[in-house]
Amino acid sequence: MAKIIKTQVTIVGAGPAGLLLGQLLSKAGIDNIIIERQSQEYVLARIRAGVLEQGTVNLLDEAEVSQRLHQEGLIHHGFDIAFNQHHLHLNFKKLTQGKHVTVYGQTEVTKDLTQARLDAQLPIFYSADDVQVNDLLSPIPKVNFVHEGQSYQIHSDFIAGCDGYHGICRASIPPSSIKEFERIYPFGWLGILSDTPPVQEELIYGNHPDGFYLCSMRSSKRSRYYLQCSLDDDVKNWSDERFWDSLQSRLPSTLANGLVRGPSIEKSIAPLRSFVAEPLQYGKLFLAGDAGHIVPPTGAKGLNLAASDVFYLSTALKAFYLDHDGALVDNYSNTALKRIWKAERFSWWLTNMLHHFPDKSSFDQRIQQAEFEYLFSSEQAQKALAENYVGLPY
Ligand code: APR
Ligand code: PHB
């Protein structure tokens, strides 16, 4: 017999989207339960990007989980963008009237959110098996799962599908009620983490005839680097030495001098994809974060978009419960999708500009070169890039 539990909002997935939503709802006095398929240790070990827009930081402030972020996060007022031997410093302060981003790993954001939930003793089921969402069009949708051998059924007013791209929430929507838009890129990113000081204090995004590269960091002592690689490549083909040699040869020579080599502590290959599902609602189920959309990591928008979805969804649910106003809930999908598509456009554009496309014609190559020449010579173009990078308003 399934044990029945009642709550107001059931959240599927304890990634940053689910945890942040849970925290914001709890602060507003709205009961919620989180169901996560993986163990807590597994969720906390995942390595992802680490550039936070100010809007994301503001939300983490509101959720009261930002103390460590403000102590350890690095404020960045710009980055470098390079094309072959040329590079340009984008100064956000000047280009966006004083805005900045904060470099703080998503792994750390997840840790802080998890700790806050555990400290407040709010309900969360890790290692849940056979998670299913049912009765989505009824006034009381259900979430079924098995935890430590016991079957459970949660009855709530709403289900938030925060279970990532491979989750079950989006997959439970009948295909006739959802439309998917997708672009898969013909390359991957090989990433390494190493306990070495970064090449320079700010990030470097670059395009070289051998492909894209990115120099990022987690702290002044830990670097995160990426190289474009082919999709069928294998980390086994990449000794540390080969990685450092390739990165060194792609960097403009003036920046390559700052590269400090050391043993990698993590090495992995990730594919790049753009994806949006529309609408982000089916009956009482609402999708947020990677469950509803994916961006290629080039603009560092994944976590930031999850945060803006959570902003819209938590604001809508607060209006529903506290002001008895359902209009924002009904509009959630439309409102969130407007910002999502703008971030999709930006991430797609930056990906096109910075990568070597294997099937590119000589015309395409000249267009890419012209894109850089325009950016390097036009303050308006630099402003547009910087405005998107620091984050469009909510
Ligand atoms: N039941 C319960 N939980 C599930 C299920 C399921 N059937 N399927 C997946 N999950 C969990 C995953 O184990 C994961 O912990 O949902 C969580 C989804 O988390 P993320 O994939 O981190 O997605 P999200 O919270 O939307 O965060 C978006 O994370 O993936 C990055 O680039 C992305 O930065 C972005 C951010
Ligand atoms: C990272 O630090 O992992 C990172 C930074 C910026 C990106 C992508 C990844 O655009």
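Note that the coordinates shown come from a computational prediction; the quantities given were computed from them, not determined experimentally.

Enquirer: What is the right way to read the site of ligand 2 from this model?
Expert: Near ligand 2 lie 14 residues; those nearest to it are Tyr 205, Ser 216, Arg 218, Tyr 226 and Pro 297. Here an oxygen atom of ligand 2 sits 2.8 Å away from a polar atom, N or O, in the main chain of Pro 297. In this structure, an oxygen atom belonging to ligand 2 sits 3.4 Å away from a main-chain N or O atom of Ala 300. Contact with the protein chains covers 99% of the free accessible surface of ligand 2, which is 280 Å². Counting residues per element, the ones that place at least two in the shell around ligand 2 are strand S16 (211-217) and strand S17 (223-229).

Enquirer: Quick question: what am I supposed to make of the sheet that holds strand S10 (residues 129-134) here?
Expert: Strands pair in a sheet through their backbones, by hydrogen bonds, and they do so in one of two ways: parallel or antiparallel. Taken together, 4 strands build an open sheet; the order of strands is S1-S12-S11-S10 and the sheet is mixed. Each edge of the open sheet is held by one strand with a lone partner, namely strand S1 (3-6) and S10. With strand direction ignored, the average angle separating the axes of adjacent strands in the sheet is 20°. The pairing of S10 with strand S11 (residues 142-147) spans 4 bridges and is antiparallel. Note on S11: the bridge partner recorded for Asn 134 is Lys 142.

Enquirer: Would you mind showing me how to read helix H9 (residues 302-323) here?
Expert: One turn of an α-helix holds 3.6 residues; hence residues three or four places apart share an orientation. Spanning 22 residues, H9 covers 31 Å between terminal C-alpha atoms, matching the ideal 32 Å at 1.5 Å per step. Phi for His 324, located one or two positions after H9, is positive at around 55°.

Enquirer: In this structure, what is going on with the pattern of salt bridges? I would like to understand it.
Expert: Pairing is possible between side chains that carry opposite charge, provided their charged atoms lie close to one another. Per the counting criterion, the structure on display carries 17 salt bridges. A salt bridge links Glu 180 to Arg 170; the nearest nitrogen and oxygen atoms lie 3.2 Å apart. Placement of the pair is Glu 180 in strand S14 (residues 179-194) and Arg 170 in the loop between strand S13 (158-161) and S14, with a sequence separation of 10 residues. Take Arg 170: its relative accessible area is 12%, and that puts it in the buried class. In this structure, Lys 383 and Glu 379 form a salt bridge, with 3.8 Å as the shortest nitrogen-oxygen distance. One end of the pair is Lys 383 and the other is Glu 379, both in helix H12 (residues 379-390) and 4 residues apart, which spans about a single turn. Relative accessible area serves as the criterion here: at 31%, Lys 383 is assigned to the partly exposed category.

Enquirer: What exactly am I supposed to notice about the packing of aromatic side chains here?
Expert: For the coordinates displayed, the defined rule picks out 28 aromatic pairs. Pairing Phe 158 with Phe 320 gives two aromatic rings, centres 5.0 Å apart and planes at 85°, and the pair type is edge-to-face. Of this pair, Phe 158 sits in strand S13 while Phe 320 sits in helix H9, and the two are 162 residues apart along the sequence. Ring geometry for Phe 243 versus Trp 244: centroids 5.9 Å apart, planes at 90°, classification edge-to-face.

Enquirer: Teacher, can you tell me more about helix H10 (residues 327-354) here?
Expert: For H10, with 28 residues, the first-to-last C-alpha span of 41 Å sits near the 40 Å given by 1.5 Å per residue. In the structure, H10 departs most strongly from a straight axis at Ser 333, where the bend amounts to approximately 40°.

Enquirer: Would you mind showing me how to read the sheet that holds S17 here?
Expert: As summarised here, the arrangement of the 8 strands in space is S7-S6-S15-S16-S17-S14-S18-S21, forming an open sheet in which the pairing is mixed. Two strands close off the open sheet at either side, each with one partner strand: strand S7 (86-91) and strand S21 (293-294). Pairing geometry for S14 and S17, over 7 bridges, is antiparallel. Paired with Gly 191 across the strands is Tyr 226, a residue of S17.

Enquirer: Any chance you could explain the site of ligand 1 here in plain terms?
Expert: Taken together, 24 residues sit near ligand 1, with Glu 36, Arg 46, Arg 48, Gln 106 and Asp 290 positioned nearest. In the environment of ligand 1, an oxygen atom lies 2.7 Å from a nitrogen or oxygen atom belonging to the side chain of Arg 46. Between ligand 1 and Leu 303 there is a distance of 2.9 Å, counted from an oxygen atom to a backbone nitrogen or oxygen. Across the complex, the protein chains shield 90% of the 700 Å² of accessible surface that ligand 1 would expose by itself.

Enquirer: Even after reading the chapter, I still don't get the confidence of the model for the chain, so can you show me in this structure?
Expert: Low-confidence regions, as indicated by low pLDDT, have predicted coordinates that should not be scrutinised in detail. Looking at the chain, pLDDT values average 97 and 100% of them are 70 or higher. Here helix H2 (residues 40-45) stands out as the least confident element of the chain, with mean pLDDT 93; strand S20 (residues 285-287) is the most confident, with 99.

Enquirer: Explain the environment of Arg 345 here, please?
Expert: Secondary-structure assignment places Arg 345 in helix H10. Taking the C-alpha atoms as reference points, Arg 345 and Ser 274, separated by 71 residues in sequence, lie 9.3 Å from one another.

Enquirer: Before we go on, may I ask you to explain the pairing of strand S3 (residues 32-35) in this structure?
Expert: Two faces belong to every sheet, and in a regular strand the side chains alternate between them. Burial along S3 is two-sided: Asn 32 and Ile 34 facing one way and Ile 33 and Ile 35 facing the other are all buried. For strand S2 (residues 9-12) and S3, the ladder comprises 4 bridges, and the chain directions are parallel. Bridged to Thr 10 within S3 is Ile 33. Crossover S2 to S3 through helix H1 (residues 16-27) is right-handed. Bridging between S3 and strand S9 (residues 124-125) involves 2 bridges; their strand directions are parallel. Its bridge partner lying in S9, Ile 34 is registered against Ile 124.

Thresholds applied
Residues numbered from 1 in each chain as written. Chains lettered and ligands numbered in written order. Predicted model: local features only at pLDDT ≥ 70, side-chain atom pairs only at ≥ 80, totals over all residues. Heavy atoms only, no water. Near = heavy atom within 4 Å. Polar contact = N/O pair within 3.5 Å; in protein donor to acceptor, adjacent residues only side chain to side chain. Areas by Shrake-Rupley, 256 points an atom, 1.4 Å probe, with all protein chains shown as cover. Helix = DSSP H or I, 4+ residues; strand = E, 2+ residues; numbered from the N terminus. Pairing = 2+ DSSP bridges. Axes fitted to C-alpha atoms, helices over the stretch in contact; angles between N-to-C directions. Expected span 1.5 Å × (residues − 1). Salt bridge = Lys/Arg side-chain N within 4 Å of Asp/Glu carboxyl O. Buried < 20%, exposed > 50% of the residue type's maximum accessible area, 1.4 Å probe, protein only. Phe/Tyr/Trp six-rings, centres within 6.5 Å; stacked < 30°, edge-to-face > 60°. Bend = angle between axes of the 7 residues up to and from the residue. pLDDT = per-residue confidence, 0-100. Right-handed = clockwise from strand over helix to strand, strands pointing away.

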